[in-house]
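# Structure at a glance
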Amino acid sequence: MSRTTTDPVLALFHDAVETVPAYPAFLRELGLDPSSVRDPSQIPLTTKENYHHRYPLADRCRYGRLADAVAVALSSGSSGAPTVWPRSALDERTVAERFEQVFRDGFDAARRSTLAVVCFALGNWVGGMYTVAAGRHLSAKGYPITLATPGNDVDEILRVVDQLAGQYDQTVLLGYPPFVKNVIDAGSARGVDWSRYRIRLVLAGEVFSEQWRDLVGHRAGIRDPATGIASLYGTADAGVLANETPLSVRIRRFAAERPDIASELFGRSRLPTLLQYDPAARQFEAGPDGTLVFSADGTVPLVRYHIADEGGLYPYDELLGRCRDAGFDPGPGPELPFVYVFGRSLFTVSYFGANIYPENVTVGLERAPVSDWTTGRFVLDTVEDTDRDRRLTVVVELADGAEPSADRERLVADSIRTELLRLNSEFAHYVPSACQTPQVDLRRSGDPEYFSRGVKHRYTRGPVPGASDRDRPGTR
């Protein structure tokens, strides 16, 4: 940094003014004199729309040199056209530190030989690229980790597991939650005994419930879901920002059992993903209307970047204190601040004035016996019937080989209604009882209209204007 300051956001601001051609141009358009800025709150928020889409890619790089990047990645996102993100070796090391915390503290990978199977899409897509780079960094650092990169091909993943997993102390599958669940279910259907391989999971891209963690953990033979399954909060814009730790998972599991406590802690009837972050690498702050803002150095510096994810922050001592006040001691863990993330409100459906969140519906598909013959993927919508009345509809994907039936549709509808009433107070109070049972349409696995393979799934229908490209919990 070219200036000395005690505030990392101010330091990044001044550095970007001096070294990133697009950034002072952005400030000039706003009529802001950089020399007048004395406090981070005076720094304007940047977004994809007001900054990244308005200035050339090279001008957003330090010194305008795109060629200084060692690689570029594409974000698959939900807004349509992919976005290019240049990467440096330093960017990748910063991300690798978050993977290291998961592998070291949760999986004890410093002492156990580990087969890491990358189940994200490969090629230029950001999730696979970052995961491979992080795995190689950990291996070079001395961790006994071997990478396998079959990508999002179920047959190739199971071939790797069959041939290699038995030769390692543990096997880690890294991918999007519903896809990893599909891999585990497909393996079980083909006779794979997952319990032989000490399976661990690293997940990104979606919020999932603690019931989902228990269900998938059980099917994968994971004895302790709090240490065996970890979620990452990442964006295509800046890589991995935060990660679940055993401590954050224990707190979340407590909140999942106590919706009243969850509502007090997080202000919603939804359960967010709860993670910890390193403030030396990523500076989070509360943004407008309950959203998140962060700052991060990199090949393309991000100064007070408004990511628009809904969520909030807790200092370490405050959240642990509130847990203890509620009668729960979460135990030891890294003394790092917490960030909780709901995802984006764009991915909700409004029904009788109640916001219906995909996370609420997910729990209904994780109850027995529904979870035995569905994949967990669905599409949520509201439609008008012939009398112009609104109906809540859920199109649900069946597991491989499962057949639709009227009885199964009723079971799914009843299970979803039960969980909506339990978890969503708006639904319970706003929606008339005669309209609370959703209309369910069961589709076979891989249905091309709703559940195409090889693309990031969206859990709601309709356009998503202005949506960001990201790989994070909550992406649809």
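Within any chain, residue numbers begin from 1 and follow the written order of that chain's sequence. With pLDDT at 70 or above as the cut-off, local features in this predicted model cover only qualifying residues; side-chain atom pairs require 80 or more to be listed or tallied, and sums for whole chains, interfaces and linings still use all residues. Remark: hydrogens and water are excluded; side-chain values derive from all non-hydrogen atoms of the structure.

Here a strand is any run of E in DSSP of at least two residues, a helix any run of H or I of at least four, and the numbering for each starts at the N terminus. For Y316, the location among the structural elements is in helix α12 (residues 316–325). Along the backbone, Y316 and L336 are 20 residues apart, and their C-alpha atoms lie at a distance of 5.8 Å. Any two residues whose heavy atoms approach within 4.5 Å at even a single point are treated as in contact. In this structure Y316 touches L247, Q276, G333, P334, E335, L336, P337 and F338, once residues within four positions along its chain are discounted.

This part is about the pattern of salt bridges. The term salt bridge refers to a side-chain nitrogen of Lys or Arg lying within 4 Å of a carboxyl oxygen of Asp or Glu. On inspection of all chains with the given rule, the structure shows 30 salt bridges. Across the pair R54 and E29 runs a salt bridge whose closest N-O atoms are separated by 2.4 Å. One end of the pair, R54, is in the loop between α3 (48–52) and β1 (71–75); the other, E29, is in helix α2 (residues 22–29), with 25 residues separating them in the sequence. Residue R54 is classed as partly exposed on the basis of its relative accessible area, which comes to 46%. Between E285 and R304 there is a salt bridge whose closest N-O contact spans 2.7 Å. Of this pair, E285 sits in strand β10 (residues 283–286) while R304 sits in strand β12 (residues 302–314), placing them 19 residues apart in sequence. Members of the salt-bridge network, linked through shared partners, are E210, R213, D214, E244, R252 and R253. Accessible area is worked out with a 1.4 Å probe on protein chains only. A residue is then buried under 20% of its type maximum, exposed over 50%, and partly exposed in between.

Once that is clear, we can look at the nonpolar core. Nonpolar cores were defined as sets of buried Ala, Val, Leu, Ile, Met, Phe, Trp, Tyr and Cys residues, with membership established by side-chain atoms within 4.5 Å. With 28 residues, the main nonpolar core has F99, F103, L174, V202 and L232 as its most contacted residues. Among the secondary structure elements, those contributing two or more residues to this core are α4 (89–106), β3 (114–118), α5 (126–140), β5 (170–175), β6 (199–204) and β7 (229–235). Those residues in contact with L174, other than ones at most four positions away along the chain, are F99, F103, A116, V117, V118, C119, F120, T131, V180 and V202. By size, the runner-up hydrophobic cluster in this structure holds 26 residues, among which are C119, L173, A186 and F208.

Pairing between strands is defined by DSSP: at least two bridges between them are needed. Bridge count for β3 against strand β4 (residues 145–148) is four bridges, and the pairing is parallel. By the bridge assignment, A116 is partnered in β4 with L147. For the segment spanning β3, α5 and β4, crossover handedness is right-handed. A clockwise course of the path from the first strand over the helix to the second, judged with the strands pointing away from the viewer, identifies a crossover as right-handed.

Taken N-terminus to C-terminus, the directions of helix α6 (residues 154–164) and helix α7 (residues 177–189) make an angle of 60°; their axes are 10 Å apart at the nearest point. Considered as vectors, α6 and α7 are oriented oblique to each other. Here α6 runs over α7; the crossing is right-handed. Along the contact surface, α6 presents V154, I157 and L158, while α7 presents F179, V183, A186 and G187. Residues that form the contact of α6 with α7 fall into these classes: six nonpolar, one polar and no charged. Think of each axis as a best-fit line through the C-alpha atoms, taken over the contacting stretch in the case of a helix, with angles from 0 to 180 degrees between the N-to-C directions. For classification purposes, an angle smaller than 35 degrees is called roughly parallel, one larger than 145 roughly antiparallel, one from 65 to 115 roughly perpendicular, and anything else oblique. Crossing handedness is defined as follows: a turn of the near helix away from the far one that is anticlockwise and smaller than a right angle gives a left-handed crossing, while the clockwise case is right-handed. Following the grouping adopted for this structure description, the nonpolar residues are Ala, Val, Leu, Ile, Met, Phe, Trp, Tyr, Cys and Pro, the charged ones are Asp, Glu, Lys and Arg, and the polar ones are all others, Gly among them.

Shape is all these values report; function is a separate question.
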